[in-house]
Amino acid sequence: MHVELKNISKSYTGNLVLNKVTMNVKPGQVHALIGENGAGKSTLMKILIGVETADHGDIFVNRKNKKWRTPHDARDAGIAMVFQELSLIPTLSVIENVFLGRLLRKQSGLLDWHEMKSQVEKIFEEIEFPLDAEQTVEELSIAQKQMVEIARALSQNARLIILDEPTSPLAERDAERLFKRIKKLSEKNVSIIYITHRLEQVFKIAHLITILRDGEFIRTCPVSDVDMQTVVRDMVGRELSEQFPDRTQKVNGSSKKAALRVEGATRSNEFNNVNFSVYNGEILGIAGLVGAGRTELAEAIFGVRRLDQGMVTVQGKIAKINSPAAAVKTGIGLIADDRKLKGLVPDASVHFNLNVATQRKFATRCGWRLQGQEIEASKRLIDGLQIKLQSLQQNAAGLSGGNQQKVAIGKTLNTDSSILIFDEPTRGIDVGAKREIYFLLRKLADEGAAIILVSSELEEILGLSDRIIVMCQGRITGEIVAANATQEKIMEMAVGIYESTKNGVTA
Amino acid sequence: MKWLRQLGPLLALIVMIVLLSISSPYFFTVDNLLNIFRQSSVNALLALGQLLVIITAGIDLSVGSILGLCAVAVALSLKAGWSIIVSIFICLLVGAFVGWLNGAMLTKMKLPHPFISTLATMNVARGLALIISGGFPISDLPASYRIWGASSVSIIPVPVIIVVVVYFIFHIFLTKTISGRDIYAIGGNKVAAYYSGIPTDRRLVVVYMLSGLLAGLAAIILTGRMNSGFPLAGMGAELDSIAAVIIGGASFFGGVGTVWGTLVGALLMGVLRNGLNLLDVSAYWQTVVIGAVIVWAVYMDVLRQRVMKKKRS
């Protein structure tokens, strides 16, 4: 299907968020839509699927000018969007989710389960993704859920599918699988608009690329005509010198006491006999596929989950950590993987969020708050982290993804923890904000913090860590110093092909 | 825009007072206004406990029954010849204990929603009130006890003084202490609060205990005023308290709400009832009007949020 967005403009309460943006999607092509958060990608897509209406400009489908009155019109025309936050109903089966809102009926008026099931199975066959159609969605992995969303789009005869950050919750291997399906779809002449922050993926799968910046159309061109540097420059409007900070010279860890030492940590079905140490001043990367048990391990160290067996020592002393409250008291901070769910109180102010974890730091012994000190602390953090906001009292939900993440980090820094666990700290945030967070992590390490970085992005693990441990199916399958690490070596350990001889702790 | 949430109910209260003052010569007199305040005091105390619970995104259906049980408990203790201090202590203890049960069922037994645990205690507490009283009101309480509900300091009724003092204390608690802030955090996002190191379970237990305790305090005022411990006291009062909290601008989904908003909510309901009485509107119609006010108050909030959302995006 040929879809053209022409000179689309849109403003909200006087703010121009899209200025004469044009995008031309050709049949069977994968078209990457790139831009930092706030560049106008989402708004443009909302206009395309009829959720928002443009102030000016036209939409052409197969050269015919179309006006959407409701999202239904766009869907009937064959345009479907797979949302970043999956829009499935967990308690219903795959079949029901695929046919949500338009379940098939027999002539008698009863539901035609047989027909629906066979249609769903046919779709999964076509995209070569085996899945039990009668399972309920809550039993599925994120990758599988995503395919259910795509199947739903296909069952509606979508000829253009919009994917918004589809790989951000996926591990590398699942992402690879998704790329294969996308290729299959494009071979069947389905057009794809692919929104992502991960540029390496763009070069892997896209034919065309459209770049937006601050609501302005920058360019559309074949991917083969540009390189990474050009794209990044177009996105951020400046040359991105170095994405990662320089590593500073480290004191050898063995000469010092470990800041945090984990010995024999075990939790059934999650991780098994995990041993490692992290030292003040270093960044320890924990790599692995989603489901390797990294988040579970991080949360167990932080006291969200209890260890079945094993011991945690902090600065040489055995620490009994059976709740996050205890972890914070021992000086451990966790910046959790899902900031909306575990990190922020979205409808409370930025100021509230920055101080919510401080317990009695800014309070008298009997729990009386010292609000002057709280405000001082908020201001310091906002300056230090360069959080962009209108006022301290602004709701956290109103900030961009990158700034929300900075607030989540600030909240933890405000507890004066010296052992910081970052679980997927750059998920779903734009290139510029990622870079700021990388430099912040390095700065914290240089100031003496011990940092654990859990990430599914290999590039980030390689670029930032001093030392890397790799987990696979709940076990540590390797440890490697950054200087010797390559993507291939880590992937081998992550899928369990290569078992390091040193299984576990080395220092 | 945040102050609008506070101002909405206050404006409604003022408009209501102005309208009623115009329509009835008896309305805007010191006596009548103090009378409204006194009549609202029981609901105001229940609503204060309910507010804490609703800020944590919970609900307490048991406050009316706790009120009934406490009323019977305090009357029986007095009848048994125990001193007023001891009887009041027992009354508050019973309230706090049932509240603790609510909290424990939620956090220790992990019942899925406070609607369920408090629905259970609502039934249990009412049943116990009927059992221990034999189903009859326990009347003729000592005169020195009745000052809590019936007497005045110069012209100001004692229940009004109690309400103002207690509201002030809870205002301080919610805005100036760590525990108060934690309660807002739990309602705003319980998971994030837990990950922030807030002892969420302990705070929740305290919140339900305070709700029960305030119901006990309300029972003291009510028994004092009625000169009787009535086992069916507070039937349906839980719904009035929820209405006051919601009219007062708290969010039913937690994280938002103020003490003063709730006081305005409770007074608004009192003013309505009193005003409609003065205007000879049947009691049956009063509940219809209160229902309409709930819709209106919450709809105002929906509109407010819509405007804010537009501004944000």
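Residue positions are given per chain, counted from 1 along the sequence in the order it is written. Each chain takes a letter, starting from A, and each ligand takes a number, starting from 1, following the order in which they are written. pLDDT decides what is reported in this predicted model: residues at 70 or higher carry local features, side-chain atom pairs at 80 or more are listed and counted, and totals for whole chains, interfaces and linings draw on all residues regardless. Only hydrogens and water are set aside when side-chain values are computed; all heavy atoms of the structure are taken into account.

Residues and elements named next belong to chain A. Think of it in three bands: residues with accessible area under 20% of the maximum for their type are buried, residues over 50% are exposed, and the middle band is partly exposed, with areas taken using a 1.4 Å probe on protein chains only. By definition, any uninterrupted DSSP run of H or I lasting at least four residues is a helix, any uninterrupted run of E lasting at least two residues is a strand, and each is numbered from the N terminus. Of all 7 residues that make up strand 20 (residues 475-481), 5 are buried, and the element is covered over most of its length. Note: strand 19 (residues 467-472) against strand 20, 6 bridges, orientation antiparallel. Pairing of Arg467 across the sheet is with Val481, part of strand 20. Hairpin geometry of strand 19 and strand 20 is characterised by an intervening segment of 2 residues between the two adjacent antiparallel strands and by a positive phi of about 45 degrees at Gln473. Here, strands pair whenever DSSP counts at least two bridges between them.

All names here are of chain A. Taken together, 4 strands build an open sheet; the order of strands is 12-11-14-15 and the sheet is antiparallel. One side of each edge strand has no neighbouring strand; the edge strands of this open sheet are strand 12 (271-278) and strand 15 (317-318). Bridging between strand 14 (residues 309-314) and strand 15 involves 2 bridges; their strand directions are antiparallel. Counterpart to Thr313 in the pairing with strand 15 is Ile318. Contact definition: two residues touch when any of their heavy atoms are within 4.5 Å. For helices, the fitted line uses only the C-alpha atoms of the stretch in contact; every axis is such a line through C-alpha atoms, and the angle between N-to-C directions lies from 0 to 180 degrees. Contacting strand 11 (260-267) and strand 12, helix 9 (residues 294-301) runs over the sheet at an angle of about 65 degrees to strand 12.

The next subject is the interface of chain A and chain B. Accessible area lost when the parts come together is the quantity often used to give the size of an interface. With 37 residues of chain A at the contact, the number on the chain B side is 23 residues. Using a 1.4 Å probe, buried area is obtained as the accessible area two parts lose upon being combined, added over both of them. Taken over both partners, the interface formed by chain A and chain B buries close to 2,500 Å², and the fraction arising from carbon and sulfur atoms is 56%. Nitrogen and oxygen atoms within 3.5 Å of one another constitute a polar contact, given that in protein one can donate a hydrogen and the other can accept it, and given that sequence-neighbouring residues count only through two side-chain atoms. Connecting chain A to chain B are 13 residue pairs in polar contact (both at pLDDT 80 or more). Counting only elements with at least two residues in the side of chain A that touches chain B, the list comes to helix 10 (324-330), helix 11 (339-343), helix 12 (350-355) and helix 13 (371-385) of chain A. With 4 residues, helix 11 of chain A is the largest single contributor of residues to the side of chain A that touches chain B. Across the side of chain A that touches chain B, the residue classes break down as 18 nonpolar, 13 polar and 6 charged. In this count, Pro and Cys sit with the nonpolar residues alongside Ala, Val, Leu, Ile, Met, Phe, Trp and Tyr, while Asp, Glu, Lys and Arg are called charged and the others, Gly among them, polar.

Another aspect to go through is the sheet that holds strand 18 (residues 450-454) of chain A. Residue and element names in this part refer to chain A. One open sheet holds the 6 strands; their spatial order is 16-17-18-13-19-20, and the pairing between them is mixed. Every interior strand has two partners, whereas the edge strands, strand 16 (332-335) and strand 20, have only one. Going across the sheet, the axis of each strand differs from the next one's by a mean of 20 degrees, ignoring polarity. Here 5 bridges tie strand 13 (residues 283-288) to strand 19, and the two strands are oriented parallel to one another. Within strand 19, the position partnered with Gly288 by the bridge is Met471. Together, strand 16 and strand 17 (419-423) form the strand contacts of helix 14 (residues 401-413), whose direction differs from that of strand 16 by roughly 170 degrees. Along the sheet, helix 17 (residues 487-494) contacts strand 13, strand 19 and strand 20; its crossing angle with strand 19, the most-contacted strand, is approximately 35 degrees.

We now examine the environment of Ile451(A). Residue and element names in this part refer to chain A. Inspection of the secondary structure puts Ile451 in strand 18. It is 10.0 Å that separates the C-alpha atoms of Ile451 and Asp466, two residues lying 15 residues apart in sequence. What Ile451 contacts, discounting residues up to four positions off in sequence, is Val278, Glu282, Ile283, Leu284, Leu420, Phe422, Leu441, Leu444 and Ala445.

For residues besides glycine, phi is generally negative; the peptide bonds are generally trans as well. All names here are of chain A. A positive phi is found at Asn7, a non-glycine position, where the angle reads about 50 degrees. With respect to the secondary-structure elements, Asn7 resides in strand 1 (residues 3-12). Its relative accessible area of 39% is what places Asn7 among the partly exposed residues. Of note in the backbone geometry, Glu165 takes a positive phi value of approximately 50 degrees without being a glycine. By the secondary structure assignment, Glu165 is in the loop between strand 7 (160-164) and helix 6 (172-187). A relative accessible area of 5% means that Glu165 is categorised as buried.

Residues and elements named next belong to chain B. Note on aromatic pairs: the rings of Phe, Tyr and Trp (six-membered ring only in Trp) are paired at centre separations within 6.5 Å, and the planes decide the class, stacked below 30 degrees, edge-to-face beyond 60, tilted for the rest. One pass over the full model with this rule turns up 8 aromatic pairs over all chains. For the ring pair Phe170 and Phe173, a centre distance of 6.2 Å and an interplane angle of 75 degrees mean the geometry is edge-to-face. Here Phe173 and Phe170 lie together in helix 7 (residues 158-176), a separation of 3 residues that amounts to about one turn. We note that Phe170, like Phe173, is buried. Relative to Phe253, the ring of Phe252 has its centre 6.4 Å away and its plane inclined at 85 degrees; by these criteria the two rings are edge-to-face. For Phe252, a relative accessible area of 40% translates into the label partly exposed.

All names here are of chain B. What goes into a patch is any residue over 30% in relative accessible area without a salt bridge, connected to like charges within 9 Å or, for nonpolar side chains (Val, Leu, Ile, Met, Phe, Trp, Tyr), within 5 Å. Note that accessible areas follow from Shrake-Rupley with a 1.4 Å probe, and for residues the cover is restricted to the protein chains shown. By convention in these notes, a salt bridge is any Lys or Arg side-chain nitrogen within 4 Å of a carboxyl oxygen on Asp or Glu. There is a patch of nonpolar side chains on the surface, built from Val30, Val153, Ile155, Ile156, Ile161, Val165 and Ile169 and spanning about 600 Å² of accessible area. No other element matches the 3 residues that helix 7 contributes to the nonpolar patch. Tracing the backbone shows Val153 in strand 2 (residues 152-153).

Pairing between side chains of opposite charge can happen when the charged atoms of each approach one another. All names here are of chain A. Enumeration over the complete set of coordinates arrives at 28 salt bridges over all chains. Residue Arg369 is joined to Glu374 by a salt bridge in which the shortest nitrogen-to-oxygen separation is 3.0 Å. With respect to class, Arg369 is no different from Glu374; both count as buried. Between Arg427 and Glu424 there is a salt bridge; the shortest N-O distance is 3.9 Å. Using a relative accessible area of 26% as the deciding quantity, one classes Arg427 as partly exposed. One network of salt bridges, with partners in common, ties together Arg267, Glu270, Glu299, Arg305, Asp337 and Lys342.

Moving on, we come to the pairing of strand 13 of chain A. Residue and element names in this part refer to chain A. With 6 of its 6 residues buried, strand 13 lies for the most part within the structure. Here strand 13 shows two buried faces, one formed by Ile283, Gly285 and Ala287 and the other by Leu284, Ile286 and Gly288. Here strand 13 pairs with strand 18 via 4 bridges, running parallel. Following the sheet pairing, Ile283 is matched in strand 18 by Ile451.

A word on the confidence of the model for chain B. Think of pLDDT as the predictor's per-residue confidence, scored from 0 to 100. Of the residues in chain B, 96% have a pLDDT of 70 or more, and the chain-wide mean is 91. Scored as a complex, the prediction yields pTM 0.77 and ipTM 0.82.

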